[in-house]
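# An overview of the molecular structure
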Amino acid sequence: MAMSKRTFLQAASLLVADRLLALGPRGEGSERGSGSGHKAVLVIFGGVRYQETFSREGAGNIPRMLGELAPRSLFYQRARNEGVTAHYNAIASILTGNWQRVDDWGKLPPASPTLFEYLRKQCHIPSSDVWMVSSNKALTRLIGASSDLSYGPTFGANVVFPKQLLIEAVVHAIWAGRARAMGDPNKVQAELEATLEGTNYEGLGWSVFDDASQLDPRTRMTITEAVASFVRGGEPKTGDELTFMVAREVMRKFAPRLLVVNFSDVEVAHFGAFSLHLAGIRTEDELTFQLWREIEVNPEYRGRTTMVVVPEFGRDPDGSTTNGFFNHRSEGDSCRTTWMMCLGEAVDRPQVIDNPVRHIDLCPSLAGLLGCRSNGVGGQLLPGWKV
């Protein structure tokens, strides 16, 4: 494609942000603007092993986290995934405080309520205050709400999968016999507009809008101007950068009380590309740092926010029958044990905790921080956590 990936992703992120404004004015029905109320940003990576990150040999892959974030963090050296080491179940476990064992591909909702639901129902906050922006489409369908009838979709989150914009534009062009148009920047712009004009956003894996059948003229103008502005330059970037851009725009437009960001470039490991897997780690290292920078400079977040960074799991050990880093299905420590980093207001003092903690401990810890209760969960309050 002649138009750079960075150009397209930046343009798409601006389109998403502009369309999100249709949800209504920021701060309605919440404490935002009063100067009170804690916020949380939860960053969840795909599978990365300790040896490619916080080990001596992996340090070069995470210069930002190791050199600039870890020294000010509450760092858990051993964060355990004791459930199903598959993406949907891993993230569902983190968000519910219970080990989830449902469909691996997001066809079934979590069995117990998510942190989104606890927060919205108990604190009476609007959907504009809880968001998930994901690079993994399997998470977007039902992760926002559980099958618990006392909670459920009424109290779910806004869930967005930005990368699907690009996929849909390509697919529509091919089906219409206009595949060559995707190589011409001016025609790409037209293809994207045509795709979005009649798209039902549920088809993109999104659960954001009350009426997802139309785009207003302002949105089409936004994407037109964005493509024209960015088409002239920029190096290629990845789907995780688009996820980051949209997450940052959500922070700036809505300043939600709870934002979950899921990065998954590292999952190129499934194709056996170790160098690209390492590149994904480096990208996520930089994007995590940039999210923290946004928290530090954004007046809606500064001084009232906790950011947590945790991988879903590790990966299988080298020499295993499952091809090592390709997969994440083994029962050993290489797959089940990784790390977790906490920054901001929940950190009483920077320290390293060597005793194991569990992924399911995050939900009750964040719930207490945000002013709600997580009922009947298996997780416990994280050690060293200030609530």
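Located above this text is the structure these notes cover.
Time to look at the overall build of the protein. Across its full length, the protein carries eleven helices and nine strands. Within the protein, contacts between residues at least 6 apart in sequence are counted, and of these 75% link residues at least 24 apart. Carbon together with sulfur atoms contributes 52% to the accessible area of the protein, which is approximately 15200 Å² in total.

The subject of this paragraph is the pairing of strand 7 (residues 337-344). Of all eight residues in strand 7, seven are buried; the element is thus mostly enclosed. When strand 2 (residues 74-80) meets strand 7, the two strands line up antiparallel, connected through five bridges. Each bridged residue has a counterpart across the sheet, and for Tyr76 the counterpart in strand 7 is Met340. Taken together, the four bridges between strand 6 (residues 305-311) and strand 7 define a ladder with antiparallel strand orientation. Residue pairing for strand 7: Met307 is matched across the bridge by Leu343.

This part is about helix 4 (residues 115-123). Among all positions of helix 4, only Leu115, Phe116, Glu117, Tyr118, Leu119 and Arg120 are buried. Against helix 3 (87-96), strand 3 (130-134), strand 5 (258-262) and helix 11 (362-370) lie the buried residues of helix 4. Immediately beyond the C-terminal end of helix 4, within one or two residues, lies His124, with a positive phi of roughly 55°.

Next up on the list: the packing of helix 4 against helix 11. Orientation of helix 4 relative to helix 11, taken along the N-to-C sense of each, is 25°, at an axis distance of 10 Å. As far as their axial angle goes, helix 11 and helix 4 are roughly parallel. Crossing handedness for the pair helix 4 and helix 11: right-handed. Residues Leu115, Tyr118, Leu119 and Cys123 of helix 4 pack against Cys363, Leu366, Ala367 and Leu370 of helix 11. Residue classes in the contact of helix 4 with helix 11 are distributed as eight nonpolar, no polar and no charged.

Time to look at unusual backbone geometry. If you check the backbone angles, His124 has positive phi at about 55° while not being a glycine. As for its placement among the helices and strands, His124 is situated in the loop between helix 4 and strand 3. Not every positive phi belongs to a glycine, and Ala255 is a case in point at roughly 45°. One can find Ala255 in the loop between helix 8 (239-254) and strand 5.

Another aspect to go through is the packing of helix 8 against helix 9 (residues 274-297). Where helix 8 contacts helix 9, the axes come no closer than 11 Å and their chain directions differ by 10°. Considering their axes alone, helix 8 and helix 9 lie roughly parallel with respect to each other. Between helix 8, through Asp240, Glu241, Phe244, Arg248, Met251 and Arg252, and helix 9, the contact on the second element is made entirely by Glu284, Leu287, Gln290, Leu291, Glu294 and Ile295. Residue composition of the contact of helix 8 with helix 9, by class: five nonpolar, one polar and six charged.

Let's shift gears to the pairing of strand 5. Across the five residues that make up strand 5, a large majority, five, are buried. On strand 5, burial covers both faces: Leu258, Val260 and Asn262 on one face and Leu259 and Val261 on the other are all buried. Summarising the sheet, strand 1 (residues 39-45) and strand 5 pair through five bridges and their orientation is parallel. Bridge pairing in strand 5 links Val41 to Leu259. Looking at chain direction, strand 3 and strand 5 are connected through five bridges and run parallel.

Leu42 and Met340 are the most contacted members of the largest nonpolar core, which totals 43 residues. At six residues, helix 11 tops the list of elements feeding residues into this core. By size, the runner-up hydrophobic cluster in this structure holds 39 residues, among which are Ile62, Val133, Phe244 and Tyr301.

Attention now goes to the environment of Leu69. Mapped onto the fold, Leu69 is located in helix 2 (residues 63-69). Sequence separation of Leu69 and Cys342 is 273 residues, and the distance between their C-alpha atoms is 9.1 Å. Each residue touching Leu69, except ones within four places of it in the same chain, is listed here: Arg64, Thr288, Phe289, Trp292, Met341 and Leu343.

Inspection of the entire model under this criterion finds 13 salt bridges. Salt-bridge contacts for Arg64 lead to Glu68; the nearest nitrogen and oxygen are separated by 2.7 Å. Of this pair, Arg64 and Glu68 both sit in helix 2, separated by four residues, roughly a single helical turn. For Glu68, a relative accessible area of 32% puts it in the partly exposed group. Asp361 is the salt-bridge partner of Arg358, the closest N and O atoms lying 3.1 Å from each other. Judged by its relative accessible area of 22%, Arg358 falls in the partly exposed class. Looking at Asp361, the relative accessible area reads 6%, which means it is buried. Sharing partners across several salt bridges, the network here consists of Arg49, Glu52 and Asp318.

How each quantity is defined
- Residues numbered from 1 in each chain as written.
- Predicted model: local features only at pLDDT ≥ 70, side-chain atom pairs only at ≥ 80, totals over all residues.
- Heavy atoms only, no water.
- Helix = DSSP H or I, 4+ residues; strand = E, 2+ residues; numbered from the N terminus.
- Contact = heavy atoms within 4.5 Å.
- Areas by Shrake-Rupley, 256 points an atom, 1.4 Å probe, with all protein chains shown as cover.
- Buried < 20%, exposed > 50% of the residue type's maximum accessible area, 1.4 Å probe, protein only.
- Pairing = 2+ DSSP bridges.
- Axes fitted to C-alpha atoms, helices over the stretch in contact; angles between N-to-C directions.
- Parallel < 35°, antiparallel > 145°, perpendicular 65-115°, else oblique.
- Left-handed = near helix turned anticlockwise from the far one by under 90°.
- Nonpolar A, V, L, I, M, F, W, Y, C, P; charged D, E, K, R; others polar.
- Core = buried A, V, L, I, M, F, W, Y, C linked by side-chain atoms within 4.5 Å.
- Salt bridge = Lys/Arg side-chain N within 4 Å of Asp/Glu carboxyl O.

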